Amino acid sequence: MGRLAGKVAIITGSASGQGKAEAILFAKEGAKVILADIQKQKVYKVAEDIQKNGGEAIAYFHDISIEEHWSNLIRAICKKYGKVDILINNASTPASHDDLIEEWRRVLNINMIGTFLGMKYVVPVMKEIGGGSIINISSVAGLIAGGVNPYTASKGAIRAISRSAAVEYAKYQIRVNSVYPGMIHTPMTEDLLANEGIRKHFESVTPLPFLGESNDVAYGVLYLASDESRFTTGTELVIDGGWTSH
Ligand SMILES: NC(=O)c1ccc[n+]([C@@H]2O[C@H](COP(=O)([O-])OP(=O)(O)OC[C@H]3O[C@@H](n4cnc5c(N)ncnc54)[C@H](O)[C@@H]3O)[C@@H](O)[C@H]2O)c1
């Protein structure tokens, strides 16, 4: 029996990178996976591939920053499955500018408000079924200096709201944990890592002699999603090859 047998799991940003790896892994572990992403064709293809391999998956075109998308998504899932056990708030956008107010609003609206909206819509459902597991994906940028400011601020906010939500929802047995990836090879970092100087910099700050892959994060997220972590809430799981241990 899989580690997530029978669980219904929403994973945002599952058209690519870590979200995609988590969707594939969760389906292998017996979850019914709901993939949600703004990259419509790509997210449908990931769901289709999971189904071809015998997993259960449905894809939705879903923008995490639009409240109506959340209400429609949760209504559709509850109609089909009657519950949501797991939410992975994984989708996010990188930031391109430190000082532009429009960029601050855009990035915070997706990364911070989008994460809040996910919790807002799944918590009532999880309360009704007697519990659940929410995992919010932050970044080492939420822990230490070095990122583009609006992105860093959004990831710091995810850290703060994860801790307070963990305390607030513990009495309903809804666990809220956050995850802090270091430098991981994904489409988000592809261009960055193609630059030899930048890649060498990240290799030099990472004590392990390699950078991460999506599955390195997905296995940590799997533990937090499963009942194996039933006594774990409010934790901050850093998966960074030792970067922030300096
Ligand atoms: N790759 C890294 O090195 C790294 C490091 C630290 C943290 N992270 C975090 O890990 C998570 C996954 O990132 P990744 O590296 O797999 O990136 P990725 O770009 O491969 O995946 C991000 C996904 O989010 C989707 N997305 C973007 N905006 C969206 C929106 N408004 N609504 C719905 N979906 C949206 C994109 O379409 C994409 O499929 C992100 O939260 C990211 O900030 C990544």
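The model shown is predicted, which means the values in this text are computed figures rather than measured ones.

What counts and what doesn't
- Residues numbered from 1 in each chain as written.
- Predicted model: local features only at pLDDT ≥ 70, side-chain atom pairs only at ≥ 80, totals over all residues.
- Helix = DSSP H or I, 4+ residues; strand = E, 2+ residues; numbered from the N terminus.
- Expected span 1.5 Å × (residues − 1).
- Bend = angle between axes of the 7 residues up to and from the residue.
- Buried ≥ 20, exposed ≤ 12 C-beta atoms within 10 Å, placed from the backbone.
- Pairing = 2+ DSSP bridges.
- Axes fitted to C-alpha atoms, helices over the stretch in contact; angles between N-to-C directions.
- Contact = placed C-beta atoms within 7 Å.

A short note on helix H4 (residues 101–129)
Taking 1.5 Å per residue as the helical rise, H4 with its 29 residues ought to reach 42 Å, and the 41 Å between its terminal C-alpha atoms agrees with that figure. Asn109 marks where H4 bends most, by close to 35 degrees. For H4, every residue scored as buried is listed here: Val107, Ile110, Asn111, Met112, Gly114, Thr115, Gly118, Met119, Tyr121, Val122, Val123 and Met126. One or two steps after H4, the chain reaches Gly130, where phi turns positive at roughly 90 degrees.

Some words on the sheet that holds strand S5 (residues 132–137)
The strand order across the open sheet built from seven strands is S3-S2-S1-S4-S5-S6-S9, with neighbouring strands paired in parallel fashion. With one partner strand each, in any of the chains shown, strand S3 (56–61) and strand S9 (236–239) form the two edges of the open sheet. For this sheet, the mean angle separating the axes of adjacent strands, direction not counted, is 15 degrees. With three bridges joining them, strand S1 (residues 8–12) and strand S4 (residues 86–89) adopt parallel strand pairing. Paired with Ala9 across the two strands is Ile86, which belongs to S4. Packing of helix H1 (residues 17–28) onto the sheet brings it into contact with S1, strand S2 (32–37), S3, S4 and strand S6 (174–181), and relative to S1 it is tilted by some 165 degrees.

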